[in-house]
Amino acid sequence: MEEINNIEVVPCTESDYLKPFRVHYSQNGTKKSWDFMRTHDSVSVLIFNTTSHCFVLVKQFRPAVYMCEWEKAKTQPPKSAEKTEEGAAEAATESQQGQSASEGESSSQWLPASAGVTYELCAGLVDKPDLSLEEIARQEVLEECGYDVPASKLKKITSYRSGVGVTGAKQTMFYAEVSDDNCVSPGGGEPKEGELIEVVKVPLHEAMTFAYDERIPKTMGVIFSFIWFHNNMSPKYKISTNV
Ligand SMILES: Nc1nc(=O)c2ncn([C@@H]3O[C@H](COP(=O)(O)OP(=O)(O)O[C@H]4O[C@H](CO)[C@@H](O)[C@H](O)[C@H]4O)[C@@H](O)[C@H]3O)c2[nH]1
Ligand SMILES: [Mg+2]
């Protein structure tokens, strides 16, 4: 999908997206503190294409996911690298180097970009105070997936807190039925914002197997919304799945 290299990890001292804080408080007379991050709320949209009977998901490279895999790979080099003496020497050199660009380069030899690619619902940040959640969701459906649907066609499924330990931000999930007639562009996100999104379809009859396949990296939103659809829309679309 992409080629990732020249990795360099630096402290994040200022950001438009995340702000770290520490809160001190007393709970039942006991003094406590908690480190957390302020970030934007978000919307996500389960899109069902009624022409092809497929769910429309997005697939994108997530640096945060990639870095988790990278950290794990550093401490557990793959078996193929351990087999040869050369591989063992390489791994040893890396652990001595610390967080540097050269570490990234050699690590990427055995950690492909796909390690950071996840399947997700179409989603976006609530960063436009003048727009309703439905309108923000509508724009994300158009930008990321290429379907032009009116905001009134977006039905709220529910909302919940994501990352309660770190951000506690609220995500509101919508459901949108689209047809091939609503498809006006290939989607793919806003290139000027650096977005590089692949639109993927999951056939309805494969949805539950997809949801529980741990080899396919995905968000909780995908799993939950597929189950919601199964519980709430099954009669309408006469689904027979084995869950
Ligand atoms: N985070 C960040 N760091 C940067 O350095 C950084 N630099 C640029 N950006 C820009 O921020 C925008 C974020 O895009 P979206 O509004 O589409 O939001 P998503 O990243 O899709 O996140 C949603 O979907 C996720 C999956 O369901 C949920 O977990 C989130 O809660 C939910 O908001 C893009 O224009 C991106 O180019 C950064 N964004
Ligand atoms: Mg998005």
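Shown above is the structure to which this text applies.
On a predicted model such as this, the values are computed, not experimentally measured, just so you know. (Residues numbered from 1 in each chain as written. Chains lettered and ligands numbered in written order. Predicted model: local features only at pLDDT ≥ 70, side-chain atom pairs only at ≥ 80, totals over all residues. Heavy atoms only, no water.)

Visitor: Would you mind going over the layout of surface pockets in detail, with residue names and values included?
Guide: One number sums up the size of the largest pocket: a volume of about 2200 Å³. Lining the largest pocket are 49 residues, and of these Q60, R62, A64, E120 and L125 sit closest to its centre. With five residues, helix α5 (residues 133–145) is the largest single contributor of residues to the lining of the largest pocket. (1 Å grid on protein atoms, 1.4 Å probe; cavity = no way out; pocket = protein on both sides within 12 Å on 5 of 7 lines; lining within 4 Å. Points joined across faces, edges and corners; volume = space filled by probe spheres on them. Helix = DSSP H or I, 4+ residues; strand = E, 2+ residues; numbered from the N terminus.)

Visitor: An account of the environment of D180 is needed here, citing residue identities and associated values.
Guide: Within the element layout of this structure, D180 appears in the loop between β8 (169–178) and β9 (197–203). With relative accessibility at 37%, the residue D180 sits in the partly exposed group. Within the structure, the side chain of D180 is placed 2.9 Å from the side chain of N49, a separation counted as a polar contact. (Buried < 20%, exposed > 50% of the residue type's maximum accessible area, 1.4 Å probe, protein only. Polar contact = N/O pair within 3.5 Å; in protein donor to acceptor, adjacent residues only side chain to side chain.)

Visitor: Go over the site of ligand 1, please, and point to the residues and values.
Guide: In the vicinity of ligand 1, the contacting residues are Y17, S42, R62, E120, A123, G124, L125, E140, E144, Q171, E193 and E195. The contact in question runs from an oxygen atom of ligand 1 to an N or O atom on the side chain of S42, over 3.2 Å. At a separation of 3.0 Å, an oxygen atom of ligand 1 approaches a polar side-chain atom of E144. In the complex, 63% of the free accessible area of ligand 1, which totals 750 Å², lies under the protein chains. The cavity where ligand 1 resides is the largest pocket. Those elements that provide at least two residues to the shell around ligand 1 are β6 (122–125) and α5. With three residues, the single largest contributor to the shell around ligand 1 is β6. (Near = heavy atom within 4 Å. Areas by Shrake-Rupley, 256 points an atom, 1.4 Å probe, with all protein chains shown as cover. Sits in = over half its atoms within 2 Å of the grid points.)

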